[in-house]
Amino acid sequence: MDVTAVDLFCGVGGLTHGFESVGIPVAAGIDVDPDCRYPFEANNDAEFVEADIAETSSDEIASLYPNDGYKILAGCAPCQPFSNLNNGRDSEEMEDWSLLREFGRLVRDIQPELVTMENVIEIRNHQVYSRFVDTLFKQGYDISVNKVDCTDYGVPQNRKRLVVLASQIGDISLIDPTHTTYEDRPTVGKTIGGDTLNPIEAGEADDEDPLHRSQALEEKNLERIRQSEPGGTWRDWDDELVLDCHRKDSGSTYDAVYGRMEWDSAAPTITTQFYGYGSGRFGHPEQDRAISLREGAMLQTFPKEYSFLKEDQDEIHYNQIGRFIGNAVPVRLAEVVGESINQHLTHHNVKDRDASRDGTGDEVRDVAQPQRAESPGAESIQ
């Protein structure tokens, strides 16, 4: 079928890579960060467009699609304004909060047959999200809103996300969970365990893979992780290692900080600070260090060979690569969205546009007519 996507806020290409893996071509990825160009283009068959969505016209975005075919407009607007980790700041005071509004503008102007948006679940509490869904409703899209536990779909981390699917073709839904049994559940061990990667120490990099490197630890933190059990807490430490914040009532419940992951469980949500031992439960289950940049990428379901660095790049900034990885749509989740779109198109017998035109050149769709949701506030959360 003739269908093409444009990936808004593409970052280093997690969503694009997942789409391409299930046979959905991506014409272009758009992001304001020029540093994303190399990893995006090196790993994907799509053009990187450096642009600010808020300053880009709908015509410019529309011109990226082929002249014929069904259009998919996809994207994950930066989620920090909506996350419960934004330190209590009002989302409307943050520069990124309006980007979802710009996404809605592009939908309204371009009228792509298919739209998908992924973000943190907390986005539902904000007016900009309600307005986005209302835009879809008013444009005649059938809307499916899904609260997703990513482990149900093969992402080895406790990551809860909101996935919106919308179609002008007909009813659309997310595919059923793909990893529902204990044996199928994704784990840290299945992803980065065994002989998958060479062992390294804190502050060391693997000669075979420059991204497989871990931050150095001060001696006190080395002693803390040595006394930490997988899945344990700071309560496992000798008393002199306990931090002052943990002795306070307000900090005593932060059990995961400075913790080790467990081989047989999913990882915590991979954030942009996952490489820091003190940023959460990001200690390696066995080795005395925080997980490496490569391990974080693999837990985000990027392929092991995904290239984030040019071969001649001498300096590696943890905060930059951490941001690339932590902000990405997990590749496996993108595959699930792509598989849902493929299933939707098959269900509605969508044909190539070139083969679906009558003698007058008018398009003929062999699909059901789109069905509106009852109201923008009545969409079901699956």
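Now for a description of the structure that goes with this document. (Residues numbered from 1 in each chain as written. Predicted model: local features only at pLDDT ≥ 70, side-chain atom pairs only at ≥ 80, totals over all residues. Heavy atoms only, no water.)

### Thoughts on the pattern of salt bridges
Part 1 of the argument: Per the stated rule, a full pass over the model turns up 15 salt bridges.
Part 2 of the argument: Asp209 is the partner of Arg294 in a salt bridge, and the nearest nitrogen-oxygen pair spans 2.8 Å. Taken together, the residues Arg294 in helix H9 (residues 293-299) and Asp209 in strand E10 (residues 209-213) connect sequence positions 85 residues apart.
Part 3 of the argument: The class for Asp209 is buried, based on a relative accessible area of 12%.
Part 4 of the argument: A salt bridge links Glu219 to Arg226; its shortest N-O distance comes to 3.1 Å.
Part 5 of the argument: Assessed through its relative accessible area of 51%, Glu219 is described here as exposed.
Part 6 of the argument: It is possible to trace a salt-bridge network through shared partners that takes in Glu219, Glu223 and Arg226. (Salt bridge = Lys/Arg side-chain N within 4 Å of Asp/Glu carboxyl O. Helix = DSSP H or I, 4+ residues; strand = E, 2+ residues; numbered from the N terminus. Buried < 20%, exposed > 50% of the residue type's maximum accessible area, 1.4 Å probe, protein only.)

### Focus: unusual backbone geometry
Part 1 of the argument: A positive phi angle, close to 65 degrees, is found at Tyr258, a residue other than glycine.
Part 2 of the argument: Mapped onto the fold, Tyr258 is located in the loop between helix H8 (244-247) and strand E11 (267-268).

### Considering the packing of helix H4 (residues 99-110) against helix H5 (residues 127-138)
Part 1 of the argument: Contact geometry for H4 and H5: axes closest at 9 Å, N-to-C directions at 5 degrees. The angle between the axes of H4 and H5 places the two elements in the roughly parallel class. Along the contact surface, H4 presents Leu100, Arg101, Phe103, Gly104, Val107 and Arg108, while H5 presents Val128, Tyr129, Phe132, Thr135 and Leu136.
Part 2 of the argument: Its residues assigned to classes, the contact of H4 with H5 shows 7 nonpolar, 2 polar and 2 charged. (Axes fitted to C-alpha atoms, helices over the stretch in contact; angles between N-to-C directions. Parallel < 35°, antiparallel > 145°, perpendicular 65-115°, else oblique. Contact = heavy atoms within 4.5 Å. Nonpolar A, V, L, I, M, F, W, Y, C, P; charged D, E, K, R; others polar.)

### Let's talk about a negative patch on the surface
Part 1 of the argument: Together, Glu201, Glu204, Asp207 and Glu208 line one region of the surface with negative charge.
Part 2 of the argument: Of the residues examined, Glu204 reaches a relative accessible area of 35% and is grouped as partly exposed. (Patch = residues over 30% accessible without salt bridge, like charges linked within 9 Å, V, L, I, M, F, W, Y side chains within 5 Å. Areas by Shrake-Rupley, 256 points an atom, 1.4 Å probe, with all protein chains shown as cover. Lys, Arg positive; Asp, Glu negative; His and termini not counted. Charge placed at Lys NZ, Arg CZ, Asp CG, Glu CD.)

### Concerning the packing of aromatic side chains
Part 1 of the argument: Under the counting rule described, the total for this entry stands at 10 aromatic pairs.
Part 2 of the argument: Consider the rings of Trp237 and Tyr258, whose centres lie 5.9 Å apart with planes at 85 degrees: the pair is edge-to-face. In this pair, Trp237 is assigned in the loop between helix H7 (219-226) and H8 and Tyr258 in the loop between H8 and E11, connecting sequence segments 21 residues apart.
Part 3 of the argument: Judged by its relative accessible area of 6%, Trp237 is buried.
Part 4 of the argument: Look at Tyr258 and you get buried, because its relative accessible area is 15%.
Part 5 of the argument: Chaining the aromatic ring pairs together yields one cluster made of Phe9, Phe103 and Phe132.
Part 6 of the argument: The residue whose ring lies beneath Lys71 is Tyr65, and the NZ or CZ to ring-centre distance is 5.8 Å.
Part 7 of the argument: Sitting over the ring of Tyr258, Arg224 keeps its end group 5.7 Å from the ring centre. (Phe/Tyr/Trp six-rings, centres within 6.5 Å; stacked < 30°, edge-to-face > 60°. Lys NZ or Arg CZ within 6 Å of the ring centre and 35° of its normal.)

### Examining the packing of helix H1 (residues 14-21) against helix H11 (residues 331-347)
Part 1 of the argument: Following both chains from N to C, one finds H1 and H11 inclined at 45 degrees, their axes separated by 7 Å at the closest point. The orientation of H1 with respect to H11, classified from their angle, is oblique. H11 is crossed by H1, and the crossing has right-handed handedness. Of H11, the residues touching H1 (which contributes Gly14, Leu15, His17, Gly18, Phe19 and Ser21) are Val331, Ala334, Glu335, Val337, Gly338 and Ile341. (Left-handed = near helix turned anticlockwise from the far one by under 90°.)

### A word on H4
Part 1 of the argument: Between its first and last C-alpha atoms H4 spans 16 Å; for 12 residues at 1.5 Å apiece the expected length is 16 Å, and the two agree.
Part 2 of the argument: Among all positions in H4, only Leu99, Leu100, Glu102, Phe103, Gly104, Arg105, Leu106, Val107 and Ile110 are buried.
Part 3 of the argument: Here the buried face of H4 lies against strand E1 (3-8), helix H3 (58-62), strand E4 (70-75), strand E5 (114-120) and H5.
Part 4 of the argument: Taken from the residues just after H4, Gln111 is the one with a positive phi, measuring 60 degrees. (Expected span 1.5 Å × (residues − 1).)

### Topic: the sheet that holds strand E3 (residues 47-50)
Part 1 of the argument: Pairing in this open sheet of 7 strands is mixed, and the strands run E3-E2-E1-E4-E5-E8-E6 from one edge to the other. Either end of the sheet is taken by a strand with one partner, and the two such strands are E3 and strand E6 (142-149). The sheet shows a mean angle of 15 degrees between the axes of neighbouring strands, direction not considered.
Part 2 of the argument: Of the strand pairs in this sheet, strand E2 (residues 26-31) and E3 are connected by 4 bridges, and their pairing is parallel. Looking at the pairing, Gly29 lines up with Phe48 of E3.
Part 3 of the argument: Sitting on the sheet, H11 is in contact with E1, E4, E5, E6 and strand E8 (160-167), with an inclination near 25 degrees to E8. (Pairing = 2+ DSSP bridges.)

### Observations regarding helix H10 (residues 318-326)
Part 1 of the argument: Counting buried residues along H10, 7 of its 9 residues qualify, which places the element largely inside the surrounding structure.
Part 2 of the argument: Among all positions of H10, only Tyr318, Gln320, Ile321, Gly322, Phe324, Ile325 and Gly326 are buried.
Part 3 of the argument: Against helix H2 (37-43), E10 and H9 lie the buried residues of H10.

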